[in-house]
Structure formats: structure tokens, C-alpha cells
Amino acid sequence: MRSLLTAFAALFLGFAFAYGRANQTQEIKSMNVKRITPVLLVKEIEPVIPFWVDRLGFAKTIEVPDGNNGFVAFQKGTAEVMYQTYASVEKDAPKEVSEMARKGPTYLYMEVDNLEAVLAAMKDVKIAMPVRTAFYGMKEFSVQDPGGHFITFAQPVSASQK
């Protein structure tokens, strides 16, 4: 009798676990992600503004002063990137988060429709990775923005360019 109860309990727990996982999966499937926006942390905002506005044609859509600028957002079409100063994070975030803020640069990968135009816009920016055609079919190059983050610009290689 005891082994029958144990087997029944195990079966019940397994069913409950599976039901819980199925419900969780259903909830995740029903969640609609509207946008994912990177927030890059920097010592100061001002040097990155001309990089995004003048070189890449993004519009500055949000600017939050904090001394100079504590936070800024740039947008072009549906693409958006935000920058926040370390000092601003240290004021806003819990200590555990703000302590991690200065740990290192972020890497962005941006697919574009005209790599040559982006390359021309970066003519006097230090190239971190020269133009190359990667094995996965993308022609790409990388720069380091004035805030220290790395940005790879990439364009699919057409069949004729392979």
C-alpha cells in the first residue's frame, strides 16, 4: 500500500510540475515584446552625442540633465540606443547594480542597409576591426564609440559578392 501511495504521489507531483511548466510556457508565449533597447553606461554623455546624431543620423529623443547630461536616448526608425552616466546609475540603482556598472564595455551588433555609407561616416573614428566578410555571410567592421563601447556594423553579403 505504501509503495502505491508513493507512486501516486510521484505521479501527482510530476503532473503538477508539468502542468505548472505548461502554464508558464503559455504565459511566456502570450507576452508581447514591444522593443529591446540597450542602455550603455559611460563616464560622460556629451562625447557620444555627435557620434550618434552627426555620424549616424539618429535623433536625440530623450535628455535628462544630471549636472551635464545623466541620460540620453537616440532613435532612428525603430532602432534605439540609450546612454546613462555611471554617476546617474550610482544615484538611481541599488548598490549591487551600481557596483557592476563600471565592469567593462558593451558590444553592439547593428545590421545596416548601406555599410559603405556607415564606413564613410566613420572615416576618422578608430576602427577596432577592419572590414571583413565573415563566414556567416555578413560584411562587417567595428568601431569604438567615444564612451568606450564597441559597435559592429554589418550588412548581408549578396550572392554576387560571395
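Quick note: structure is the one above.
The following paragraphs examine the structure supplied in this document.

Conventions and cut-offs
- Sequence order sets the numbering: in each chain, residues are counted from 1 along the sequence as written.
- Local features are withheld for residues below a pLDDT of 70 in this predicted model, meaning they are given only at 70 or higher, and side-chain atom pairs are given and counted only at 80 or more; totals for whole chains, interfaces and linings count all residues.
- Derived side-chain values reflect all non-hydrogen atoms in the structure, with water molecules and hydrogen atoms excluded from consideration.
- Segments assigned H or I by DSSP are reported as helices when at least four residues long, segments assigned E as strands when at least two residues long, and all are numbered from the N terminus.
- Each residue's exposure class comes from its accessible area (1.4 Å probe, protein chains only) as a fraction of the maximum for that residue type: buried when under 20%, exposed when over 50%, partly exposed otherwise.
- Any two residues whose heavy atoms approach within 4.5 Å at even a single point are treated as in contact.
- The Shrake-Rupley method, run with a 1.4 Å probe, gives the accessible areas here. Residue values count only the displayed protein chains as cover.
- The rule for pairing is simple: two strands pair if DSSP sees at least two bridges between them.
- Stacked, tilted and edge-to-face are the three classes assigned to paired rings of Phe, Tyr and Trp, where Trp is represented by its six-membered ring and a pair needs centres within 6.5 Å; plane angles under 30 degrees give stacked, over 60 edge-to-face, the rest tilted.
- Just to be clear on terms, a salt bridge is a Lys or Arg side-chain nitrogen sitting within 4 Å of an Asp or Glu carboxyl oxygen.
- The patches described consist of residues with a relative accessible area above 30% and no salt bridge, like charges being joined within 9 Å and nonpolar side chains (Val, Leu, Ile, Met, Phe, Trp, Tyr) within 5 Å.

1. Some points on the overall build of the protein chain
Moving on, step 1. Helix and strand content of the protein chain: five helices and eight strands.
Moving on, step 2. Along the protein chain, from the amino end to the carboxyl end, the secondary structure elements read α-β-α-β-β-β-α-α-β-α-β-β-β.
Moving on, step 3. A total of 162 residues make up the protein chain; the buried ones form 31% of that total.
Moving on, step 4. The contacts of the protein chain with a sequence gap of at least 6 include a subset with a gap of at least 24, amounting to 48%.
Moving on, step 5. Surface exposure of the protein chain reaches about 11100 Å², of which carbon and sulfur atoms provide 58%.

2. Focus on the pairing of strand E4 (residues 79-85)
Moving on, step 1. By the criterion of burial, E4 is predominantly enclosed, with six of the seven residues buried.
Moving on, step 2. Examined bridge by bridge, strand E1 (residues 39-42) and E4 share four bridges and lie parallel to one another. Along E4, the bridge assignment pairs Val 42 with Thr 85.

3. Observations concerning the packing of aromatic side chains
Moving on, step 1. Applying the stated criterion to the full structure yields eight aromatic pairs.
Moving on, step 2. When the centroid spacing of 5.6 Å and the interplanar angle of 75° are considered together, the rings of Phe 51 and Trp 52 count as edge-to-face. Of the two residues examined, Phe 51 and Trp 52, each falls in the buried class.
Moving on, step 3. Ring plane angle 15° and centroid distance 6.3 Å describe the contact between Trp 52 and Phe 74, whose orientation is recorded as stacked. Note that Trp 52 is positioned in helix H2 (residues 48-55) and Phe 74 in strand E3 (residues 68-76), a separation of 22 residues in sequence.
Moving on, step 4. Since its relative accessible area comes to 1%, Trp 52 is described here as buried.
Moving on, step 5. An aromatic cluster is defined as three or more aromatic residues linked by ring pairs; in this entry it consists of Phe 51, Trp 52, Phe 58, Phe 74 and Tyr 83.

4. Some thoughts on the pattern of salt bridges
Moving on, step 1. Applying the stated criterion to the full structure yields seven salt bridges.
Moving on, step 2. Notably, a salt bridge pairs Glu 80 with Arg 35, separated by 3.4 Å at the nearest N-O pair. With a gap of 45 residues between them, Glu 80 in strand E4 and Arg 35 in the loop between helix H1 (2-30) and E1 connect regions that are remote in the sequence.
Moving on, step 3. With relative accessibility at 48%, the residue Arg 35 sits in the partly exposed group.
Moving on, step 4. Between Glu 63 and Lys 60 there is a salt bridge, with the nearest N and O atoms lying 3.3 Å from each other.
Moving on, step 5. The class for Glu 63 is partly exposed, based on a relative accessible area of 39%.

5. Things to note about a nonpolar patch on the surface
Moving on, step 1. A cluster of nonpolar side chains, contributed by Met 31, Val 33 and Ile 36, occupies part of the molecular surface with about 350 Å² of accessible area.
Moving on, step 2. With relative accessibility at 74%, the residue Ile 36 sits in the exposed group.

Just geometry here; none of it tells us what the structure is for.
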